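Structural overview
Next come the chains, spelled out residue by residue.
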Amino acid sequence: GANRLAFVTPQEATGASQMLAFRHHSADEWPGLVPKVWKSSGAAALWRDNVASKWGQYVIDMQDLAFYRGFEIMTANTLFKVLWVIGTSGILVFSGGFLLYKVGGGERTLGQALFTSYALLSGAPGSSAVDEEKPASRLVVNIIALTGLFSFALILGIITSTMESALDAALAGNHKVVEREHIMLLNWNQATIPMLMQIEAAQAEGQVRRAPVAILANRDKAEMDLAIRSAMPDTKMNIETRQGDPTLIKDLQKVSGGWANYVLVVSPEDSEDPNKELILQSASLRALQKDRRPNMELGSGGSKIHWVVANYDKTPEDHIVAGATVCPKNSFSKRLIAASAGQPGLVEVYNQMFTQGAGAELYLKPIKEIPWLADKPFKELAAHFPESVVMGWIEPKSDTRVVLGPGPDDIIPAKGSLVLLSADSNIKTTRHPVASAPTGWSSTHKCIGNAVEIKKQNILVIKSDQNTEALALIGNVLEKGSTVTVMSEEPLPLPWSPHVRFKGIKGCTLCFSDIASANIGSYDTVIIDGDSELDNDARDSEVLATARLVALARQEANQDGAKRGDLRLIISCESGRAVQLINRVANIEGVHVEAVPSSFIESGAILQVLWHPDLEVVFDDLMDPAGDEVVLVDGSFFAPKGAKRTFGQIADHALRNGAIAMGVITKDGGVILSPHRSRTFHMDEGVKVVSFTDALPDGTTKQRS
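Predicted model, so just to flag it, every value in this text is computed and none were measured.

Thresholds applied
Residues numbered from 1 in each chain as written. Predicted model: local features only at pLDDT ≥ 70, side-chain atom pairs only at ≥ 80, totals over all residues. Heavy atoms only, no water. Helix = DSSP H or I, 4+ residues; strand = E, 2+ residues; numbered from the N terminus. Buried < 20%, exposed > 50% of the residue type's maximum accessible area, 1.4 Å probe, protein only. Pairing = 2+ DSSP bridges. Axes fitted to C-alpha atoms, helices over the stretch in contact; angles between N-to-C directions. Contact = heavy atoms within 4.5 Å. Phe/Tyr/Trp six-rings, centres within 6.5 Å; stacked < 30°, edge-to-face > 60°. Lys NZ or Arg CZ within 6 Å of the ring centre and 35° of its normal. Expected span 1.5 Å × (residues − 1). Disulfide = S-S within 2.5 Å. Parallel < 35°, antiparallel > 145°, perpendicular 65-115°, else oblique. Left-handed = near helix turned anticlockwise from the far one by under 90°. Nonpolar A, V, L, I, M, F, W, Y, C, P; charged D, E, K, R; others polar. Patch = residues over 30% accessible without salt bridge, like charges linked within 9 Å, V, L, I, M, F, W, Y side chains within 5 Å. Areas by Shrake-Rupley, 256 points an atom, 1.4 Å probe, with all protein chains shown as cover. Salt bridge = Lys/Arg side-chain N within 4 Å of Asp/Glu carboxyl O.

So, the overall build of the protein chain
Scanning the protein chain from terminus to terminus reveals 19 helices and 22 strands. Taking all 705 residues of the protein chain together, 46% fall into the buried category.

Here's the deal with the sheet that holds strand β10 (residues 417-422)
Think of a sheet as strands paired side by side through backbone hydrogen bonds, with each pair either parallel or antiparallel. Read across the sheet, 4 strands follow the order β7-β10-β8-β9 without closing on themselves; strand pairing throughout is antiparallel. Edge positions in the sheet fall to β7 (361-366) and β9 (401-404), since each has one partner strand and no second. Averaged over all pairs of adjacent strands, the angle between strand axes in this sheet comes to 30°, irrespective of strand direction. By the bridge criterion, 6 bridges tie strand β8 (residues 388-395) to β10 in an arrangement that is antiparallel. Within β10, the residue paired with V389 across the bridge is L421. Relative to β9, helix α18 (residues 615-622) is tilted by about 45°, and along the sheet it contacts β7, β8, β9 and β10.

With respect to the packing of aromatic side chains
Aromatic ring pairs are reported here in terms of the distance separating the ring centres and the angle at which the planes meet. The full count for this structure, using the stated rule, is 6 aromatic pairs. Their ring planes at 15° and their centres at 6.1 Å tell us that Y350 and F354 sit as a pair that is stacked. Within this pair, Y350 and its partner F354 are both found in helix α12 (residues 346-354), separated by 4 residues, close to a single helical turn. Side by side, Y350 and F354 carry an identical accessibility label, which is buried. Centre to centre, the rings of F637 and F638 are 5.3 Å apart; their planes meet at 85°, and the pair counts as edge-to-face. Take F637 and F638: they sit in the same class, and that class is buried. In this structure an aromatic cluster arises from ring pairing among Y350, F354 and F619. One Lys or Arg, R180, reaches over the ring of W259 and ends 4.2 Å from the middle of that ring. One Lys or Arg, R431, reaches over the ring of W372 and ends 4.0 Å from the middle of that ring.

Topic: unusual backbone geometry
Residue E181 is not a glycine yet carries a positive backbone phi of 55°. Taking relative accessible area as the criterion, E181 reaches 39% and is therefore assigned partly exposed.

With respect to helix α17 (residues 598-611)
In this model, α17 (14 residues) spans 20 Å end to end at C-alpha, consistent with the 20 Å of a helix rising 1.5 Å per residue. Summarising burial for α17: 13 of the 14 residues are buried, a large majority.

Comments concerning the environment of S340
With respect to the helices and strands, S340 occurs in helix α11 (residues 331-342). Take S340: its relative accessible area is 0%, and that puts it in the buried class. Considering only alpha carbons, one finds S340 and V477, 137 residues apart in sequence, at a separation of 8.8 Å. Not counting residues within four places of it along the chain, the set of residues in contact with S340 comprises L346, V347, Y350, R568 and I570.

A short note on the state of the cysteines
Tallied over the full model, the rule gives 0 disulfides. Unpaired in this structure, C508 has its nearest cysteine sulfur neighbour in C511, at a distance of 5.4 Å. In this structure C511 comes out as partly exposed when scored by relative accessible area, which is 23%.

Observations regarding the sheet that holds strand β3 (residues 239-243)
Strands sit in the order β3-β2-β1-β4-β5-β6 across an open sheet of 6 strands; the sheet is parallel. Of all strands in the sheet, those bounded by a partner on one side alone are β3 and β6 (325-327). Strand-to-strand twist across the sheet, computed as the mean angle between neighbouring axes with direction ignored, equals 15°. Two strands pair when backbone bridges link them, and strand β1 (residues 183-186) and strand β2 (residues 213-217) are joined in this way by 4 bridges, in the parallel orientation. Paired with M184 across the bridge in β2 is A214. Helix α10 (residues 274-292) rests against β1, β4 (262-266) and β5 (306-310) of the sheet, and its axis sits at about 170° to β5.

Here we look at the packing of helix α7 (residues 192-204) against helix α8 (residues 221-231)
It is the contact of α7 with α8, at a shortest axis distance of 10 Å, that shows an interaxial angle of 55°. With respect to their mutual orientation, α7 and α8 come out oblique. For the element pair α7 and α8, the recorded crossing hand is right-handed. Two secondary-structure elements touch here, α7 through I193, L196 and M197 and α8 through A227, I228 and A231. Tallied by class, the residues present in the contact of α7 with α8 amount to 6 nonpolar, no polar and no charged.

As for a nonpolar patch on the surface
The grouping of W55, Y58, V59, M62 and L65 at the surface amounts to a nonpolar patch, some 490 Å² of accessible area in total. Mapped onto the elements, W55 comes out in helix α3 (residues 43-75).

Below you can see the structure in the form of structure tokens.
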């Protein structure tokens with residue numbers, strides 16, 4: 001065979017040579033030779049080292065196994081821990097009882113010994129470890145008692161650790177939200193807190209049932225919870241927040257995404273491609289909905305899932321969110337600012353309409369619930385709704401058709417929903433009409449449009465960003481011959497209007513000399529539109545500082561003794577606290593502040609659309625200057641100065657003149673929308689009637705688009 005090279009230690013070589021010598025002895029010489037060879041060779045040392053090494057490794061392995069099994073028990077589920085404690089306790093009771101029975105010498109039966117062992121281990125009242133007379137029995141019962149103390153400490157530790165683990169898991173919010181027919185918000189942005197406030201108000205007034213709210217966002221859960229607690233410290237609403245990716249199915253399952261009745265998707269903060277994320281979120285969520293409730297479709301109505309996509313800068317393509325209602329970013333607040341620029345006092349009207357629980361909101365009532373009113377003329381409806389204002393109806397066609405401000409003789413369709421303005425979500429209807437007494441009053445105004453105070457204005461818009469969308473809207477509502485001056489740090493592309501002149505000037509929005517040099521004393525209205533790229537707090541701070549500079553500049557301009565009217569200062573801010581502070585620093589003599597809480601109003605409008613998706617087209621029509629619009633009609637059109645009129649009489653007079661009376665603004669500025677038809681008002685000077693009409697001051701009407 002092949003030659004091989006081997007390496008051996010000196011001890012092994014010595015032992016090997018001696019063993020070779022051992023092989024040449026006879027069998028009779030072996031007994032005496034074996035101990036001699038064994039002792040004189042290294043084999044004994046090798047054997048001892050080998051045995052010690054194997055025994056040491058065995059001990060280490062047993063220690064590792066004990067620790068491993070112990071850790072498994074400590075981290076096991078609660079049921080396994082309970083079974084382990086019961087099993088171990090049984091073994092200890094039996095072992096202690098058996099030992100006590102054996103050393104007792106017949107003093108106890110086995111049953112008595114087992115009971116004594118159980119009593120000592122559990123520390124039962126009356127059990128004692130010092131009453132035994134025999135030393136052996138005394139030793140055993142003391143061992144059992146000490147084992148019982150150790151067992152009690154172990155059980156207490158297991159219970160404590162289990163409760164702590166359960167509490168930590170609950171606080172960490174990693175468990176699944178198991179809800180049905182709840183409200184779900186996907187993503188987090190600056191409008192989330194205002195939306196939660198509006199949801200709470202809607203639930204409090206009964207507009208929507210008290211359902212839990214689940215929020216899933218790529219944001220730290222602790223941060224979300226802290227923001228909610230800070231903004232809503234007294235809330236009783238059940239709000240569950242979960243950190244996760246709304247584009248992933250496994251994370252959507254954390255909030256029972258497939259079971260939500262109301263879904264609100266807002267544009268996520270700090271997203272590089274929010275529209276791409278929207279595609280993923282829509283696909284994943286729709287798949288879960290189809291899996292959990294295959295017969296539920298998206299749309300409007302109690303048997304459908306209501307889904308709204310809001311706050312996106314770029315309107316998503318229709319096929320991406322098919323079936324969902326899309327509300328573009330700031331679509332409501334920008335139109336509100338524009339509408340308010342045309343007439344003083346409209347800000348508070350829209351504030352109430354778009355704020356849940358603050359006044360009157362728009363509701364939809366299916367006509368099938370009131371079949372006795374179908375096929376009747378519109379002029380007969382008001383007497384059947386003593387606490388609501390009928391604004392029109394929605395017809396269920398392929399493209400939903402909204403009819404707001406219909407003619408008195410227009411017939412109510414048999415299908416569809418009535419659009420109602422009401423301060424109560426519980427719309428009351430009477431089968432028999434409650435008519436108001438006729439007044440016989442004939443106004444000196446030629447038509448209702450003549451009683452609307454709309455005049456040419458000189459407006460300054462202070463812009464901090466490059467967004468000019470609101471400028472075009474402002475141009476649509478102003479009287480012919482008005483002027484809009486836009487102050488910005490960089491030149492802006494100004495819109496064109498056939499009847500309103502736009503011009504731009506360069507100036508810093510936070511520079512007093514620039515604002516004062518803009519001839520601030522010549523303007524009727526100043527609109528401050530903050531930088532939309534800033535977060536809410538920073539934008540509010542910027543608007544507050546600009547408002548203060550404008551007020552100071554106006555105050556300085558008034559020192560020349562020229563006679564000027566009050567300056568209307570329309571501001572867009574985000575928080576109620578900012579409104580209070582701006583009023584403190586800017587609402588000085590000669591300056592009247594009208595604040596538009598953009599995020600709050602935007603959230604309120606979006607949530608009304610979430611409850612009733614068809615309201616989105618109603619809001620579009622309501623705030624479209626091309627058709628009927630909300631105006632303030634002088635009270636003298638409805639009654640002589642100082643006379644009393646019920647709201648029913650006011651509403652009937654308005655309807656006969658092509659308008660819908662929505663409410664009353666009292667002489668002290670209080671806005672009362674949708675009062676009871678029997679409520680009486682004093683038509684003093686300064687009283688205005690909030691009306692919805694297309695009548696113009698020259699007696700004509702607007703052409704509908």
